[in-house]
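# Structural overview
Listed below, chain by chain, are the residues.
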Amino acid sequence: MCQITSMGRLTKKQKRRIRHFLKAKAGIDQKKEIIHSGDVPKYIARHIPFIRRLARNIDQLLIVSSFVEPPIKTGLIDRFLVLAELEQLKAIICLNKIDLLEDLSEAQEIAEMYRKIGYPVYLTSASSGEGIHELFEALKGHDTALAGHSGVGKSSLLNAMAPELKIHVNEVSPSTKKGRHTTTRVKVYEMAPATRVIDLPGLKLLDFIDIHYAEARLFYREFVELADNCKFNDCQHITEDQCAVKEALARGEVHPLRYESYLNLVDSLKNFA
Ligand SMILES: Nc1nc2c(ncn2[C@@H]2O[C@H](COP(=O)(O)OP(=O)(O)OP(=O)(O)O)[C@@H](O)[C@H]2O)c(=O)[nH]1
Ligand SMILES: [Mg+2]
Ligand SMILES: [Zn+2]
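Rules and cut-offs
Residues numbered from 1 in each chain as written. Chains lettered and ligands numbered in written order. Predicted model: local features only at pLDDT ≥ 70, side-chain atom pairs only at ≥ 80, totals over all residues. Heavy atoms only, no water. UniProt positions renumbered as here; feature names shortened; annotations may be inferred. Donors = N, O, S within 2.8 Å, 3.2 Å for Na, K, Ca; no water. Helix = DSSP H or I, 4+ residues; strand = E, 2+ residues; numbered from the N terminus. Buried < 20%, exposed > 50% of the residue type's maximum accessible area, 1.4 Å probe, protein only. Tetrahedral: all angles 85-135°; square planar, octahedral: opposite > 155°, others 65-115°. Patch = residues over 30% accessible without salt bridge, like charges linked within 9 Å, V, L, I, M, F, W, Y side chains within 5 Å. Areas by Shrake-Rupley, 256 points an atom, 1.4 Å probe, with all protein chains shown as cover. Salt bridge = Lys/Arg side-chain N within 4 Å of Asp/Glu carboxyl O. Lys, Arg positive; Asp, Glu negative; His and termini not counted. Charge placed at Lys NZ, Arg CZ, Asp CG, Glu CD. Near = heavy atom within 4 Å. Polar contact = N/O pair within 3.5 Å; in protein donor to acceptor, adjacent residues only side chain to side chain. Nonpolar A, V, L, I, M, F, W, Y, C, P; charged D, E, K, R; others polar.

The name given to the protein in an unreviewed UniProt entry is Small ribosomal subunit biogenesis GTPase RsgA, with Caldithrix abyssi DSM 13497 as the source organism. Looking at the Subunit (unreviewed entry) heading of the UniProt record, one finds this comment for the protein: "Monomer. Associates with 30S ribosomal subunit, binds 16S rRNA."

Shown next as structure tokens:
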């Protein structure tokens, strides 16, 4: 057991031990306890995104991405899905701003990629109101946090569900197509009985200080299902022979975007000290 406490100053050696422990190749549950313990040292807390710290106060993540302004980023959706798997939260995905698409096939293709692996996907437009009723139904009875880039329309979606909220929103920069970080504070909205939604500032990236790169495979649910048929039982699905995930990728059953985001995650976990 790795004892940590914020009482007094930690020596360099103690800090090294804790970091080592968080990056170890085992003990996911114990590492999570450290991340969520009230007295996690400041130098660790700094690396824990707020949405991660919220995990034990919510049961659902609403992952929002948008089309065109800003363009869809499935890599970030996948990072939030890793968070949901890690913290055992229900995840739902909202692809917003479909009114900006001339042709819905791009949206449907991405929706299909996630539905196929069991995540519910809602196609919405906060501007036209399309899909808003269905999305609201999916929030009812849950405590949900909103996750996504700045400017994807998180606050606008809440306004579309409950216009009386009048949450401040701001247009996306016309040149960069990026949001302007309009929501700067965390705010909880009681949207219906037993239905709380937490509006959060947009996030550009999401890192995990307590996942060893060899554990990343555990948070891609379609890989977990396939892994029983890999030759090695700790197969990371990258360089190994007779790997069921790579074979499924070659057959088009694992989506290349998911596999690519997995490789990025593994790389970033190797580099993130
Ligand atoms: N065309 C279109 N524009 C939208 C839609 N939803 C939101 N917008 C616009 O996108 C811009 C950003 O919306 P916000 O709701 O502020 O985005 P946010 O995700 O809350 O952004 P942050 O608070 O910065 O994280 C605003 O100009 C909205 O009017 C949509 O479905 N369609
Ligand atoms: Mg906002
Ligand atoms: Zn494999």
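## Focus on the coordination of the magnesium ion (ligand 2)
Looking at the magnesium ion (ligand 2), the protein donor atoms are Ser155 (OG) and Thr183 (OG1), and they sit 2.0 to 2.2 Å from it. Residue Ser155 is located in helix 8 (residues 154-161), and its partner Thr183 is located in the loop between helix 8 and strand 5 (187-192); the two are separated by 28 residues in the primary sequence. Thr183 carries the same exposure label as Ser155, and that label is buried.

## Here we look at the coordination of the zinc ion (ligand 3)
Protein coordination at the zinc ion (ligand 3) comes from Cys230 (SG), Cys235 (SG), His237 (ND1) and Cys243 (SG), with a distance range of 2.1 to 2.4 Å. Around the zinc ion (ligand 3) sit 4 donor atoms, and with donor-metal-donor angles ranging over 104 to 116° the site reads as tetrahedral. Read in sequence order, the donor residues for the zinc ion (ligand 3) give the motif C-x4-C-x1-H-x5-C.

## Topic: a negative patch on the surface
On the surface, Glu102, Asp103, Glu106 and Glu109 cluster together into a patch of negative charge. The topology assignment puts Asp103 in the loop between strand 2 (90-96) and helix 6 (105-116).

## A word on the site of ligand 1
Taken together, 23 residues form the shell around ligand 1, and within it Asp99, Ala126, Ser150, Lys154 and Ser156 come nearest. Asn96 places a side-chain nitrogen or oxygen 3.2 Å from an oxygen atom of ligand 1. Taking Lys154, its side chain carries an N or O atom lying 2.8 Å from an oxygen atom of ligand 1. About the coverage of ligand 1: the protein hides 88% of its 660 Å² of free accessible area. Of all the elements, helix 8 adds the most residues to the shell around ligand 1, at 3 residues. For the shell around ligand 1, the residue count by class is 5 nonpolar, 14 polar and 4 charged.

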